[in-house]
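# Remarks on the overall topology
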Amino acid sequence: MEREEKYMRLAIAEAKKAEEMQEVPIGAVIVLNDEVIAAAHNRRETDQNAVAHAELLAIERACEKLGTWRLEEAELYVTLEPCPMCSGAIILSRVKKVVYGAVDPKAGCAGTLMNLVTDERFNHQSEVISGVLGEECGRLLSDFFRSIRKKKKR
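This text gives an overview of the structure that appears in the document. (Residues numbered from 1 in each chain as written. Predicted model: local features only at pLDDT ≥ 70, side-chain atom pairs only at ≥ 80, totals over all residues. Heavy atoms only, no water.)

This part is about the pairing of strand 4 (residues 97-102). Among the 6 residues in strand 4, 6 count as buried, and that is most of the element. The handedness of the strand 3 (residues 75-80) to strand 4 crossover, carried by helix 4 (residues 84-93), is right-handed. (Buried < 20%, exposed > 50% of the residue type's maximum accessible area, 1.4 Å probe, protein only. Helix = DSSP H or I, 4+ residues; strand = E, 2+ residues; numbered from the N terminus. Right-handed = clockwise from strand over helix to strand, strands pointing away.)

Shown next as structure tokens:
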């Protein structure tokens, strides 16, 4: 679990970059052969782009770096459980393992609401490890949304 925590801390650092930009604080890193090959954070508000999720941006960067869409040996570390869209991208890019922090009861598709990434009906499945630094990842999100609600009350 020490290895997973090491990379999740890097994903948390990405999430904090998003928070500084007033974005929902979600961060992701992709690791291949024990080397970070891509890192990203949410940019949906900044880019006004519905698909600018941390996971998708990290997958795109990893594919560019490797010159292939196949991330078969790569591991994705993300602070929040992937949504349906990101889970689809994980399957299609053939990510080997997904490690996430906080669960997402409203949209989580890596074990909570449903489990797309391990569904054997798809051509590819990913190993999933959940809850890595989950409290810390969840607190980032809850603190962010609490501060947004406070601002709206003023």
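Our next topic: the sheet that holds strand 4. In spatial order, the strands read 2-1-3-4-5; together these 5 strands make up an open sheet with mixed pairing. At either margin of the open sheet sits one strand with a lone partner, and together these are strand 2 (35-41) and strand 5 (127-129). With strand direction ignored, the average angle separating the axes of adjacent strands in the sheet is 15°. Bridging between strand 3 and strand 4 involves 5 bridges; their strand directions are parallel. If you follow Glu-75 over to strand 4, its bridge partner there is Lys-97. Across the sheet, helix 3 (residues 54-66) is in contact with strand 1 (27-32), strand 2 and strand 3; its angle to strand 2 comes to roughly 140°. (Pairing = 2+ DSSP bridges. Axes fitted to C-alpha atoms, helices over the stretch in contact; angles between N-to-C directions. Contact = heavy atoms within 4.5 Å.)

Further remarks concern the side chain of Ser-87. Here Ser-87 lies in helix 4. Residue Ser-87 is classed as buried on the basis of its relative accessible area of 0%. Look past the residues within four positions of Ser-87 in its chain and what remains in contact with it is Pro-82, Cys-109, Leu-116 and Val-117.

This brings us to the environment of Gly-138. Positionally, Gly-138 belongs in helix 5 (residues 134-153). Distance in space between the C-alpha atoms of Gly-138 and Ala-50 is 22 Å, their sequence separation being 88 residues.

By themselves these figures say nothing about function.
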